[in-house]
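Residue-level structure breakdown
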Amino acid sequence: FFFQAEDGIRDYKVTGVQTCAIPIYRGGPDAPKATLFHLILHGLGRTLHEKPGLNRFVSARRFYQRRGVQLSFAAKKSFDESAPLLTVKIDMPAADGLGDTVARVAGAVGEGREGPPRAVDKEASLLATLPDFLLAAVIRIGRALDRWNLMPAAMIRTDPMYCSAFVANLGSVGLDRTWHHLFEWGNCHLFCVVGRVKKHLFIEGETPVVRDAVQLFFTFDERANDGFACMRALQSLQVLLESPGES
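Residues numbered from 1 in each chain as written. Predicted model: local features only at pLDDT ≥ 70, side-chain atom pairs only at ≥ 80, totals over all residues. Heavy atoms only, no water.

**Comments concerning the overall build of the protein chain**
Basically, it comes down to this: For helices the rule is a DSSP run of H or I covering at least 4 residues; for strands it is a run of E covering at least 2, with both sets numbered from the N terminus onward. When a residue's accessible area, from a 1.4 Å probe over protein chains only, is under 20% of the maximum for its type it is buried; when over 50% it is exposed; and in between it is partly exposed. Contact between two residues is taken to exist if any of their heavy atoms lie within 4.5 Å; hydrogens are not considered.
What the protein chain contains, in helices and strands, is seven helices and ten strands. The proportion of buried residues among the 247 residues of the protein chain is 41%. In the protein chain, 62% of the contacts between residues at least 6 apart in sequence involve partners at least 24 apart.

Below you can see the structure in the form of structure tokens.
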């Protein structure tokens, strides 16, 4: 399980993930199953803890260091075309193992799908009822408060666009080779799109080998740090994904 880098795309071999990931997550018989997506979330969270220079953002021409690592992602409320998207934000403590990540994801998704409306859902529903001119005014006020560091902490805590990274698992619905755009709202400076698992050609020594692999596509606000720091972070992520049993 390793990666190679080419043209800003990261290829991760997934052969053997089942034998690698499941033994290091010793949940009970009814515990949620560890998947490749859980492993990527776990690896990305650990990397941002190890490389705090990438876990920061720019606001009002100033750099801010985040106090923790939070990851956001979207999931369908049900497996139906008309079902709305559920956007989830989870904390990623440095001491968490893969099993903790699996449990956090399952708990957050389950709460969003089956629990009462969350605060962020109520806020979004309220904004959706506003006429365009009033909505635009509210957004401008929100951006001004954010720029002056006056945004209420309760809103930032639940808003999925205030996070260390946003991960889109588009490979789960068969999409591939997709980049996510940066957002003007919030302070998320790093977006990662997970492609679908498919056959890729790798060169091992001088021998071409075809294996199952998944590509990760990154979009990054370069103001947060430079290319050298990004390269080091990708190397750390490589180690974590190649050796999940040691993380």
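Here the narrative resumes.
**Observations concerning the pattern of salt bridges**
Definition in use: In what follows, salt bridge is the name for a side-chain nitrogen of Lys or Arg lying within 4 Å of a carboxyl oxygen of Asp or Glu.
Using the criterion set out here, one finds six salt bridges in the structure. Residue Asp121 is joined to Arg118 by a salt bridge in which the shortest nitrogen-to-oxygen separation is 2.9 Å. Overall, the relative accessible area of 22% leaves Asp121 in the partly exposed class. Classification of Arg118 as buried rests on a relative accessible area of 16%. Note that Lys198 is salt-bridged to Asp176, the shortest N-O span being 2.6 Å. Of the two residues, Lys198 sits in strand β9 (residues 198–204) while Asp176 sits in the loop between β7 (165–168) and β8 (190–194), which places them 22 residues apart along the sequence. Classification of Asp176 by relative accessible area gives buried; the value is 17%.

**Observations concerning the packing of helix α2 (residues 36–50) against helix α7 (residues 227–242)**
Using the following cut-off: Fitted lines through C-alpha atoms serve as axes, helices being fitted only where they are in contact, and the angles separating the N-to-C directions of these axes extend from 0 to 180 degrees. Angular relationships are summarised with four words: roughly parallel below 35 degrees, roughly antiparallel beyond 145, roughly perpendicular across 65 to 115, and oblique for the angles in between. Note on convention: the crossing is left-handed when the near helix lies turned anticlockwise from the far helix by less than a right angle, right-handed when the turn is clockwise. Residues are grouped as follows: Ala, Val, Leu, Ile, Met, Phe, Trp, Tyr, Cys and Pro are nonpolar; Asp, Glu, Lys and Arg are charged; every other residue, Gly included, is polar.
Axis separation between α2 and α7 bottoms out at 9 Å; the angle between their running directions is 135°. Between α2 and α7, the angle falls in the class oblique. Our pair here, α2 against α7, has a crossing hand that is right-handed. Two secondary-structure elements touch here, α2 through Leu39, Ile40, Gly43, Leu44, Arg46, Thr47 and Glu50 and α7 through Ala233, Ser236, Leu237, Leu240 and Leu241. Split into classes, the residues belonging to the contact of α2 with α7 amount to seven nonpolar, three polar and two charged.

**A few points about helix α5 (residues 132–147)**
Spacing of three or four residues puts side chains on the same side of an α-helix, whose turn is 3.6 residues. Filter applied, for reference: How far a helix is expected to stretch is found by multiplying one less than its residue total by 1.5 Å.
Helix length check: α5 (16 residues) gives 22 Å between terminal C-alpha atoms against 22 Å at 1.5 Å per residue, within 8%. Within α5, burial applies to Gly142, Ala144 and Asp146.

**Overview of the nonpolar core**
Rules: Note on terminology: a nonpolar core comprises buried Ala, Val, Leu, Ile, Met, Phe, Trp, Tyr and Cys residues joined through side-chain atoms within 4.5 Å.
Counting residues in hydrophobic clusters, the biggest one holds 35 residues, and the most contacted among them are Leu48, Leu71 and Phe73. The dominant element in this core, judged by the number of residues it contributes, is α2, at seven residues. Leu71 has contacts with Leu41, Leu44, Gly45, Leu48, Val88, Lys89, Ile90, Met92 and Ala165, leaving out every residue within four places of it along the chain. Residues Met151, Tyr162, Phe166 and Trp185 belong to the second largest nonpolar core, which totals eight residues.

**Side note on the side chain of Ser59**
Within the secondary structure layout, Ser59 lies in strand β3 (residues 56–59). A relative accessible area of 13% means that Ser59 is categorised as buried. When near neighbours in sequence (up to four residues on either side) are disregarded, Ser59 contacts Tyr64, Asp146 and Arg147.

**Looking at unusual backbone geometry**
Positive phi outside glycine occurs at Arg61, with the angle close to 65°. Its place among the elements puts Arg61 in the loop between β3 and β4 (62–65). Of note, the phi angle at Asn149 is positive, near 65°, even though the residue is not glycine.

**Details of the environment of Leu135**
Along the polypeptide, Leu135 turns up in helix α5. Once residues lying within four places of it in the same chain are set aside, the contact partners of Leu135 are Leu127 and Leu130.

**Description of the pairing of strand β10 (residues 207–220)**
Our working rule: We call two strands paired when DSSP finds no fewer than two bridges between them.
Sheet analysis places β8 next to β10, joined by five bridges and oriented antiparallel. For Cys192, the partnering residue across the bridge sits in β10 and is Phe218. Examined bridge by bridge, β9 and β10 share seven bridges and lie antiparallel to one another. The residue of β10 that forms the bridge with Lys198 is Ala213. Adjacent in sequence and paired antiparallel, β9 and β10 are bridged by two residues, among which Gly205 carries a positive phi angle near 70°.

**So, a nonpolar patch on the surface**
Going by this rule: Patch building starts from residues that exceed 30% relative accessible area and form no salt bridge, then joins like charges within 9 Å and nonpolar side chains (Val, Leu, Ile, Met, Phe, Trp, Tyr) within 5 Å. For the accessible areas, the method is Shrake-Rupley and the probe is 1.4 Å, while residue cover comes only from the protein chains on display.
A contiguous nonpolar patch, built from Phe133, Leu134 and Val138 and spanning about 280 Å² of accessible area, is present on the exposed surface. For Phe133, the position within the fold is in helix α5.

By themselves, these are just geometric observations and shouldn't be taken as functional.
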